[in-house]
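The primary structure of each chain is shown beneath.
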Amino acid sequence: MALMTSSLLISSSLPFVVVGAGAVDSVTSTTDLTELERVTRLDVLPDIAEDHRVRLTILYLLLLCTAPVLVWLTGSDQRRADFTWAVGTEPNTLDPQRMSWLKDIRLAECLFEPLVRMRMPDMIPEPAAARAWTVSNDGLTYTFSLRDNARWSNGDAVRASDFVYAWRRAMLPDSSADYIGLMHCIEGAKAFFHFRTEQVTAYRKGSTHSASAAARLHEATVAHFDQTVGVRAIDDHTLCVQLVRRTPYFIELCAFATFMPVHAASHRRFVEPDPGTGMLKTDTQWIKPDHLVSNGPYRLARWRFKRDILLVANTDYWNAADVGPRTIVQRIIESPATQWLSFRGGEVDWLPELPSTSTMVADLVAEGRDTVHVIPGAGTYFYNFNCKPYFTDGRENPLADPRVRRALSMAVDRSTLVTKVTRLGQPIARTFVPVDVLPGYSAPTDAGLVFDLANAKRLLAEAGHADGRGLEGLAIMYNTGAGHERIAQAIKAMWQEHLGVSVTLEGVEGRRFSDRLKNQDYAIARAGWFGDYRDPTTFLDKFLAENGNNDAAWSNPAFDAMLAEAAMTAEVPARIALLEQAEALMLDEQPIMPLFHYVSVHVFDAKRVRNLWPNAWHLRRLERVQISR
Amino acid sequence: MIRLLLIRLLQLPLILAVVFAVTFALTWIIPGNPLENPEGKRPPAEVQEAMKAQYNLDSWHSFLRGYVAGVVHGDFGPSLEYKDWRVTQIIASGLPVSMLLGLGSLMLALGIGVGVGMIGALRPGSVLDLGSLGIALLGISLPTFVTGTMLLALFAGTLQWIPVGGWASPVDMILPALTLSLPAAAYIARLIRLGLGEVMTSNFVRTARAKGLTRRRVLFDHALKVAFLPVLSFLGPAAAAAMTGSFVVEKIFVIPGLGQHFVKAVSSKDQFLILGVVLIYATMLVLFNLAVDLAYAWFDPRIDLAAPV
């Protein structure tokens, strides 16, 4: 980097030197002649001109060659990694407690090893950093025994205290963990978050602002954690977790990124309480290749912003013998067309994230190539209906009537959407929870709606809006730049044709869209939702009245009661039945209009790349991948 | 000349301060929370508040205070979109790449543009002349995402002569530099051709021809210098724009430059990155315009730099 800047500076100042020299010469050689002599000196002029020409040519060639030479000098090793994939965007963060994007979780799974991992392809939790665990009879106490031979990439043993440190981080407002909600099943976690928030607010309003005061505040926080939160390191290799209530999916949660450990001893060096706010400030250099200590199958060897990430097999990993690819590279290629060209040219082995909204991708899928795999996902694409009685501008909201919502939903021909508009043939959604992705749970498709024009018209008339009367001024809001326009246009046309309901389309920029959605400043808004863990509550909790993601502002006390009862029910079949009933109740009122379930488009050659096991939950064991050339 | 240099350099901080103030105001007026993911789930409200406080985003004056305090230490803040990176690191990784690509494409544009323009001027009215003007028109009209994608699909896709994008070796520079250079080359060709056409009828050229110099000699050695002046004016802002990167070309050819951040930082409302990138661009614009003004004096001795404009 220094070499490049200095070379650039030298080469860009050279022109001035060359030009300056030229300018001086031409002046001194002609000042001692008279005007006439100067003009008639044919022999002088061509020489000067030639000098100029030569100088200019040299200057030009110098500038032309600067760039390629510098690129050549600073170019790096382009040896092909064992396994290369390409994604469209740079990681949002590689901090396991702060991450929420799938593309980041994919990398975290290579770098960090949680207590358990999902065995593939059968998706059963198996021991990872923990060699065994026991659950108390009431299902509230989990005791994990860590492996004696589990090591960090600097040789240190993986300790229970590393897990305590990481999980505490996740529960602090200072870390602003997106998935802090997953921690709420642990006893005292929610209260601890509030405790710290109050502490920090009081500090900010207070008069003492100093490094020592902030440090004392942090010590008090840690002490409070040790006393009140149900995560304890009994000894170096035993971790004890106390839950608030029985959580059947807790073991699977332990495989999630937020629950991954962090090497406490080295991470601490990058954390400092900020004297001004009292909160912990973390220097993000800890996650860079020079400093990151990892306990997973790989360690971070190189991270070039917006270019690539190189992972190298971690020799200290307890199961290093089982690791397949020795080097992994993730390349950042924004344009899907360029991604496809890279794959075709053999530069990339796998494209895990081709955008399903791109027409190029739809064309690829339509061509039926055997390298293009369309995998159903554990997510649903749907429209929110504003269920509040009044809009934000004070107008009465006709969508507050469930009959109107049901009628609108029944007038959408979903199979046309997935065959003609998106052209990916996604599974049509009648329920919110995707069918066939949750073992043991049968999504109540009977309670969902089908394309039924007769009933739609009848319901609409019943609600007093025959032929769309009284439904003027409604708008479908969607975020721009993500391919939602076509679906919105199709639905608008369907409602116009079948029900006489005329809506407008409102494309809103991403950040503004989130704001308006959150505040119910819309009539109908497009949305998507993916499950985070394999339990129906990851889909259904969203509709609880106090849930921050309940964008439709729908509330039904009976629904909330059913979910609360399910949370208390130990018996699995009874619990599942309650959840199914709750979903049926929600679908009856259609606060949201499910359209189709997501699919993801993966590109790879299944004959060459084995053990990828693409699945609806994006679970992976990338160190098990086998590549033949 | 020295006086001009000093005055311009002293003006630079003032210009930057104004640019900063306007950009800062605009980024605060844009609605939306940069810490929210439009596609994703919302963390609890208190977490969102905590995040905002951490980044000094809860009010404009705390943001301003924090930002200025940081800048004094050479720290332009963290990126809100790429949470593990700081703005200075992002700019340091992207700016050299964009500058090198910009330099390469400008030199290519100059070479192609001056060459094509001169060919046309050598034989005015001929097929070569009309043809070159026609190509120039095409170059100005075709957008870079069309030419870029076509070149990529042809040379990297079909013929596979060149790797598909990336920034590993000088070979990777060829296609993007060519794509970026074409519009500028077309514009330069037009300027040179029309400028030369005008200069060739002026008095000093007639004198030179009368003295017996060939048409070619006159063109290369005397007329070009004068006709080059409009190109010089164009080069200043063109250099600044080329050096800070082109969003489209960087996306198509997978170049890890700075150009993409201009657009993406705004759509993700990454206030720190927007400010950092805008300040860099403003600085480069001022410096390149200064270089152009200094170069003017050398090209045409009739221009007096000290005289008020």
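Residues numbered from 1 in each chain as written. Chains lettered and ligands numbered in written order. Predicted model: local features only at pLDDT ≥ 70, side-chain atom pairs only at ≥ 80, totals over all residues.

**Looking at the overall build of chain A**
(1) Moving on: Each helix and strand counted, chain A has 19 helices and 20 strands in total.
(2) Moving on: Structurally, chain A occupies a C-alpha span of about 105 × 70 × 65 Å along its principal axes.
(3) Moving on: Evaluated residue by residue, chain A yields a buried proportion of 42% over its 629 residues.
(4) Moving on: Restricting the contact set of chain A to residue pairs at least 6 apart, pairs at least 24 apart contribute 69%. (Helix = DSSP H or I, 4+ residues; strand = E, 2+ residues; numbered from the N terminus. Buried ≥ 20, exposed ≤ 12 C-beta atoms within 10 Å, placed from the backbone. Contact = placed C-beta atoms within 7 Å.)

**What to know about the overall build of chain B**
(1) Moving on: The number of helices and strands found in chain B is twelve helices and zero strands.
(2) Moving on: Sequence-ordered secondary structure for chain B, helices as α and strands as β, is α-α-α-α-α-α-α-α-α-α-α-α.
(3) Moving on: Along the first, second and third principal axes, the C-alpha atoms of chain B reach 85 × 55 × 30 Å.
(4) Moving on: Among the 309 residues that make up chain B, the fraction classed as buried is 43%.
(5) Moving on: Sequence-distant contacts, at least 24 apart, represent 73% of the contacts inside chain B between residues at least 6 apart.

**Structural notes on helix 15 (residues 485–499) of chain A**
All names here are of chain A.
(1) Moving on: The end-to-end C-alpha distance of helix 15, which contains 15 residues, comes to 21 Å, matching closely the 21 Å that a straight helix rising 1.5 Å per residue would cover.
(2) Moving on: Tucked into the core, helix 15 has its buried residues touching helix 12 (402–410), helix 13 (414–421), helix 14 (453–462), strand 15 (474–479), strand 16 (503–508) and strand 17 (524–530).
(3) Moving on: Looking one or two residues past helix 15, Gly500 carries a phi angle of roughly 75 degrees, positive in sign. (Expected span 1.5 Å × (residues − 1).)

**Looking at the confidence of the model for chain A**
Detailed reading of predicted coordinates is not advised where the pLDDT is low.
Residue and element names in this part refer to chain A.
(1) Moving on: With 91% of its residues at a pLDDT of at least 70, chain A reaches an overall mean of 89.
(2) Moving on: Taken as a whole, residues 1–8 scores under 50 in pLDDT and shows ten contacts with residues more than four places along the chain or in a different chain.
(3) Moving on: Within the model, pLDDT remains below 50 along residues 11–30, and this stretch shows 18 contacts once partners closer than five positions in the same chain are excluded. (pLDDT = per-residue confidence, 0-100.)

**Focus on the interface of chain A and chain B**
(1) Moving on: Each side of the interface is counted separately: chain A has 63 residues, and chain B has 56 residues.
(2) Moving on: Elements supplying a minimum of two residues to the side of chain A that touches chain B: helix 1 (2–28), helix 3 (44–74), helix 10 (336–344) and helix 16 (510–518) of chain A.
(3) Moving on: At eleven residues, helix 3 of chain A tops the list of elements feeding residues into the side of chain A that touches chain B.
(4) Moving on: Considered class by class, the residues forming the side of chain A that touches chain B number 25 nonpolar, 23 polar and 15 charged. (Nonpolar A, V, L, I, M, F, W, Y, C, P; charged D, E, K, R; others polar.)

**Looking at helix 6 (residues 144–158) of chain B**
(1) Moving on: The end-to-end C-alpha distance of helix 6 of chain B is 20 Å, a good match for the 21 Å that 15 residues give at a rise of 1.5 Å each.
(2) Moving on: Inspection of helix 6 of chain B places Thr147, Gly148, Thr149, Leu151, Leu152, Ala156 and Gly157 of chain B among the buried residues, and these make up the whole buried set.
(3) Moving on: Contacts from the buried residues of helix 6 of chain B go to helix 10 of chain A together with helix 7 (171–199) and helix 10 (247–252) of chain B.
(4) Moving on: Backbone geometry just after helix 6 of chain B places Gln160 of chain B at a positive phi near 55 degrees.

**Let's talk about the pairing of strand 18 (residues 592–604) of chain A**
Every other side chain in a regular strand lies on the same face of the sheet, so the side chains alternate between the two faces.
Residue and element names in this part refer to chain A.
(1) Moving on: Within strand 18, twelve of the 13 residues are buried, which leaves the element mostly enclosed by the surrounding structure.
(2) Moving on: Sheet analysis places strand 13 (residues 350–354) next to strand 18, joined by three bridges and oriented antiparallel. Each residue of the ladder has a partner; that of Leu354, found in strand 18, is Val601.
(3) Moving on: Both strand 14 (residues 372–385) and strand 18 contribute to a ladder of ten bridges, which runs antiparallel. The partner of Ile375 across the bridge, within strand 18, is Ser600. (Pairing = 2+ DSSP bridges.)

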